[in-house]
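A structural walkthrough
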Amino acid sequence: MKLYQTLEKQIKKEPNYVSDNGEIKKWVVLNKAQNFDEELIGLLLEDSDLKEKFFIKVKDVWVFKQNLFIQFLEQKNYLNDSYTQFKNKVGLTIDGKHLKQRNEVSLVWPFKDCVLEGGQSREEDKREEIFFNEVLAQDEITELLDPKVLTNAKRFDKDGEHHFNQFNRDENGTITDNLIIKGNNLLALHSLKKEFAGKVKLIYIDPPYNTGNDSFNYNDSFNQSTWLTFMKNRLESAKKLMSPSGVFLVQCSFHQYAYLKVLMNDLFEKHLCDFNIQVRHPERTLTGDKEFNDVIEYILIYSNDRNKKMPFIEEEKTIDDYNVQIEIDRNAIIETIQCGSKNVEVYLPHQYKVIQIPPSKDGLKKISIRGSIREKNSSGRFFVKYLEALNNYPPETLFKVPDMGDDAANYRFFYSATKGKKNGGYYQGMPTSSNVTRKQFANFYNFEKEYNNVSKQGGVEFRNGKKPEELIKFLVQIFSEKDDIVLDYHLGSGSTVAVSHKLGRQYIGLEQMQNQIDLSISRMENVIKGDATGISKENDVNWQGGGSFIYLELKKYNQTFIEKIEGAKDEKTLLQIWEEMKAKSFLNYNVDIQKQEQHIEDFKTLSLQEQKQHLCELLDKNQLYVNLSSLKDENFACTPEEQKVTQAFYQLKP
């Protein structure tokens, strides 16, 4: 006990480890220990008793016994804090041990917004509670991931919202309706397996980026190991839905790119390619608003087919393909600059134009010059070598470059960079031909000026993380064909399903948050009515409206109580929720209700956050949503409508 008190006293010397009410921030201490934090280790070394207990001397160097220290904290109930004491009183242990200390357990992630124990670092310095992390025995996990009952089914078409009647199916019995499903995406993915395993051609997700700032209100402050656990659980489930030739695309920022790539290399048979996407102008990095690396994001592309290759990406047509001409003003003052041994002619934007019809033979004060605008290795080398001499010209400046040694013609035209300060002399990377191709260099695509039908991107970045329809169109057209199934289980504002609908793909969108569901449904209603934004007016789309989709929800049970607990503002409300839980919820099998009632006054002494955490832990996480096996169980009160849609989805007999 003395060592225990010594440790507590020593830790409290560091203010960052102590809450406002004087208690140890237990999760902070654990996280510091797991990361061999220099500050924490220094505190421990200052005390001779702690030094002797938690360190070993090896060749005059004191080595931290990390496992022993963490085990000590576990066994001592995290410094005997009031919440752990209360949990012991009400019986949330098995054979005197917390479940996390037993060997037969497995970490699970049943919530979008949960964090595994010890899974936060800097974020934990700001708040002292962690909700919804659970450690469940393996047999419980199996039940947790059982298919779920479906509810609140509706069909949406050009005439509006309708009651669900039936699913449309193809000759093989597979549902052909577009689906938007509300519910925990991990559990929803498992619910899709029976119907769609091996049938999804393209999966595209834009998950929380683990940056500490996510616009869709995900808990986006995970550390790497915790975020990767979150991703791995869902990637493994979604992988089972992929067709043999299917492709999996994950968009991420540089924060997790390397970690995610290693994970996906382990899970998938073939890494096809990575795309680099410019999401904002690099000029912003000079102002301190963004890190330099935030200029681009990455799309990792994988398949389960070892023999699969990247499809040919057809670029926009070249000048020769269109048989167009460059007209240069005969009266223009042509500037010539020396680039090595080459004399390069320079034409400003007002001195030329590109047209697709032959010029008239009479009356023109311009001359026509045929030339090709292409990207070859020689052009890339030319601009890399002479970029500094060329990047001071305004956007869309035209350079007439003599033969680089591998050209069929004796010259070639190039455009300068298409964005930048007109008078500041700063332009991005390699010049690109904006009228010919977006491609600036291998696998780098620029979509930052595009729009989607939720909000204008402002011409400078993907605002609030929303992906423009043009980007999704680019991906969908490369990796799928008409009527293929496209899945997005981080649906957000619905860009993936909106684009898939307009391009004639079947789609499945999964989302848990109500505000995003509302936005996606509203967006898709507009699409069906002939939405004119995004890619709608592009020549190869020409969207006029039509089609339909079915909206479904996983039927909640204990999840309803979780949401009530989350929203509670005071102790009185929580006590009312507890009374309702006793009457209607499914409680954890090791909860002793009588002990809970006996110690209700102790419960009231806990902080509001601890009270919320405790009530959540009392709930049986297997019953967050109603399992398919409980469809006709009277305890879950599934309505005739819920039974109808569930049986129809899973093709069960009434």
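Criteria and cut-off values
- Residues numbered from 1 in each chain as written.
- Predicted model: local features only at pLDDT ≥ 70, side-chain atom pairs only at ≥ 80, totals over all residues.
- Heavy atoms only, no water.
- Salt bridge = Lys/Arg side-chain N within 4 Å of Asp/Glu carboxyl O.
- Helix = DSSP H or I, 4+ residues; strand = E, 2+ residues; numbered from the N terminus.
- Buried < 20%, exposed > 50% of the residue type's maximum accessible area, 1.4 Å probe, protein only.
- Phe/Tyr/Trp six-rings, centres within 6.5 Å; stacked < 30°, edge-to-face > 60°.
- Lys NZ or Arg CZ within 6 Å of the ring centre and 35° of its normal.

**Quick notes on the pattern of salt bridges**
Following the criterion strictly, the structure yields 24 salt bridges and no others. One salt bridge in this structure joins lysine 232 and glutamate 236, with 2.7 Å as the shortest N-O distance. Separated by four residues within a single helix, lysine 232 and glutamate 236 lie in helix α10 (residues 224-239), roughly one turn from each other. Here glutamate 642 ties to lysine 555 by a salt bridge, and the two come within 3.1 Å at their closest N and O atoms. With a gap of 87 residues between them, glutamate 642 in helix α22 (residues 640-650) and lysine 555 in the loop between β22 (549-554) and α17 (558-567) connect regions that are remote in the sequence. Note on accessibility: glutamate 642 and lysine 555 belong to one class, buried. Because the salt bridges share partners, they merge into one network encompassing Glu469, Lys502, Arg523 and Asp531.

**A short note on helix α14 (residues 469-479)**
In an α-helix, one turn spans 3.6 residues; hence positions three or four apart end up facing the same way. Along α14, ten of the eleven residues are buried, which leaves the element largely enclosed by surrounding structure. Glu469, Glu470, Leu471, Ile472, Lys473, Phe474, Leu475, Val476, Ile478 and Phe479 are the residues of α14 that are buried.

**Considering the packing of aromatic side chains**
Considering all chains together, one arrives at 17 aromatic pairs under this definition. Relative to phenylalanine 479, the ring of phenylalanine 275 lies with its centre 6.4 Å away and its plane at 35 degrees, an arrangement referred to as tilted. Linking phenylalanine 275 in strand β10 (residues 270-278) with phenylalanine 479 in helix α14, this pair joins segments that are 204 residues apart in sequence. Exposure class is identical for phenylalanine 275 and phenylalanine 479. Each is buried. These aromatic residues form a ring-pair network of at least three members: Phe36, Phe54, Phe55, Phe64 and Phe69. Over the ring of phenylalanine 268 we find lysine 239, and its NZ or CZ is 5.6 Å from the ring centre.

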